[in-house]
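Breakdown of the fold
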Amino acid sequence: MASALSPPRVPKPKYALPSHYHESFLEKKGPRDRDYKKFWAGLQGLTLYFYNSNRDCQHVEKLDLGAFVRLTDGAPSGSSRDSGTYFNLVLRNEEIKFKVESLESREMWKGFILTVVELRVPSNLTLLPGHLYMMAEALAKEEARRALEMPSCFLKVSRLEAQLLLERYPESGNLLLRPSGDGMGGVSVTTRQTLNGTPVVRHYKVKREGPKYVIDVEEPFSCASLHAVVSYFVSHTKNALLPFLLDEDYEKVLGYVEADKENGESVWVAPSVPAVPGPGPTPPTDGPKQPPPTSITPVSSQDKLPQLPNPDENYVIPISDAPAADYVNGDVPSPGRLVIQKPKKCHLAPKVQAKPPKPPIAPKPGLADVTAELEEKLQRRRAREHSAGLAEDQRVGLGAQRVSQVDPSSKN
């Protein structure tokens, strides 16, 4: 019986190991570590990568050298070990301790780190000609890489904004690159230092001449990239100037520059953000308490009314797409007249409503019948008045006759 054909085996993809300027085993101890931990380390650009082994392609840690300050030698304090196998990397906000296998390995690591940070091959280290040649190759690769990207301290801000950033975040650096206002593709360098408690702000122009950047100082200096411009300022000031590098990439507070009309100066304005209203309006404490609802009726999200803001606070009510309220136009009621309000229309009730039947209308009498009836009533009324008048005259006559009979002198 023939066996079922099995699918062909697909070879596992072989991941290429990352290319580093220099790599070897390195023991690392950070500020929060109790002891040294061994890694396979590799330097690429301004980043130091750490791997669990030399066969791994994915790093487990990395260290940014953009906040580089200096390198120092020496074993840990109170240790009797060989100080030639230890060196320390001092960054702006932390210090990392390293341990290597030999003095040669230590000098190699220090040489490559200084090469990529300062963009020059160091000359004060104990290195062989072959080591110097390897560092020169790394320097060429790093210059080519940096020519294609902007340094992290380059920000698209104005001169005033650059000064304000350096003033508000002094711990993030004191050197900042920004676009120049000449429109020729150059840049400007803004620095801020403190001299005897007084801030000193300086601006330097960097011209663009073809692929080169020329620093406009007493002795103009040509650089191949903006990274080389930053390295020039850092190295020629003995690391007194450090590139501006914020810990967070985004601002948390919205601000803008506004010109003061009175004195003509510009100020940085950061408007306060109003507090987000809660899920419902809070009833006033001094006002009358509202009775609790007798029943709870589920209301859909479309039928919910917009919440009213607190009138004591300055809010801007956005324009919504909700239908406008229905208004009833009527006469203004007078104080002495009772006004009966009309019942509100119910939107859910049907618009067509049955009308009550009208009462039967009697036929209207003719004009002749009305005249005859009035004439008859008038005649009856006149007859009653005439008979009443005759009776009154008879009663008065009888009274006068009786008086004359009693007093005969009344005739005279």
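Figured I'd write up the structure that's included with this text. Because the structure is predicted, anything quoted here is derived from the model rather than measured. (Residues numbered from 1 in each chain as written. Predicted model: local features only at pLDDT ≥ 70, side-chain atom pairs only at ≥ 80, totals over all residues. Heavy atoms only, no water.)

1. Describing the environment of Ala41
What counts here: Helix and strand definitions follow DSSP, with helices as H or I runs of at least four residues and strands as E runs of at least two, each counted in order from the N terminus. Note on contacts: a residue pair is in contact if any heavy atoms of the two residues lie within 4.5 Å.
The topology assignment puts Ala41 in strand β2 (residues 37-44). Once the C-alpha coordinates of Ala41 and Lys62 are considered, the two residues, 21 residues apart in sequence, prove to be 9.2 Å apart. Setting aside residues up to four positions removed in sequence, Ala41 forms contacts with His22, Glu23, Ser24, Leu26, Tyr49, Phe50 and Trp109.

2. Considerations on the pairing of β2
We count it as follows: A pair of strands is labelled paired if DSSP reports no fewer than 2 bridges between them.
Bridge count between strand β1 (residues 22-29) and β2: 7 bridges; the pairing is antiparallel. Looking at β2, one finds that Glu27 is bridged to Lys38. For β2 and strand β3 (residues 47-51), the ladder comprises 5 bridges, and the chain directions are antiparallel. Bridge pairing links Gly42 to Tyr49 in β3. The hairpin formed by β2 and β3 contains 2 residues between the paired strands, and Gly45 there has a positive phi angle of roughly 65 degrees.

3. Some details on the environment of Val201
Using the following cut-off: Each residue's exposure class comes from its accessible area (1.4 Å probe, protein chains only) as a fraction of the maximum for that residue type: buried when under 20%, exposed when over 50%, partly exposed otherwise.
Following the sequence through the fold, Val201 ends up in strand β10 (residues 198-209). By relative accessible area, which is 25% here, Val201 ends up partly exposed. Not counting residues up to four positions away in its chain, the partners in contact with Val201 are Gln163, Thr190, Thr191 and Arg192.

4. Digging into the pattern of salt bridges
Note the threshold: The rule for a salt bridge is simple: a side-chain nitrogen of Lys or Arg has to be within 4 Å of a carboxyl oxygen of Asp or Glu.
As enumerated under the stated definition, the model contains 11 salt bridges in all. One salt bridge connects Lys110 with Glu107, and the closest N-O pair in it is separated by 3.9 Å. With a gap of 3 residues between them, Lys110 and Glu107 both fall in helix α1 (residues 103-118), about one helical turn apart. Between Glu118 and Arg120 there is a salt bridge, and its shortest N-O distance comes to 2.8 Å. Arg120 sits in the partly exposed class, given a relative accessible area of 39%. Where salt bridges share partners, they join Asp73, Arg106, Glu107 and Lys110 into one cluster.

5. A closer look at the sheet that holds β1
This is how it is decided: Axes here mean lines fitted to C-alpha atoms, for a helix over just the part in contact, with angles spanning 0 to 180 degrees between N-to-C directions.
Strand order in this open sheet of 7 strands is β4-β3-β2-β1-β7-β6-β5, and the pairing throughout is antiparallel. The sheet is open, and its two borders are formed by β4 (61-64) and β5 (68-73), each paired with just one other strand. Looking at each pair of strands side by side, their axes are set apart by 35 degrees on average, direction ignored. The sheet contact formed by strand β6 (residues 86-91) and strand β7 (residues 95-99) spans 5 bridges and is antiparallel. Pairing of Phe87 across the sheet is with Phe98, part of β7.

6. Some thoughts on the sheet that holds strand β9 (residues 187-195)
As summarised here, the arrangement of the 5 strands in space is β8-β9-β10-β11-β12, forming an open sheet in which the pairing is antiparallel. Bordering the open sheet on either side are β8 (175-179) and β12 (221-223), each of which pairs with just one other strand. Strand-to-strand, the axes of this sheet are offset by a mean angle of 30 degrees, without reference to chain direction. As paired elements, strand β11 (residues 212-215) and β12 share 3 bridges and run antiparallel to each other. Following the sheet pairing, Tyr213 is matched in β12 by Cys223.

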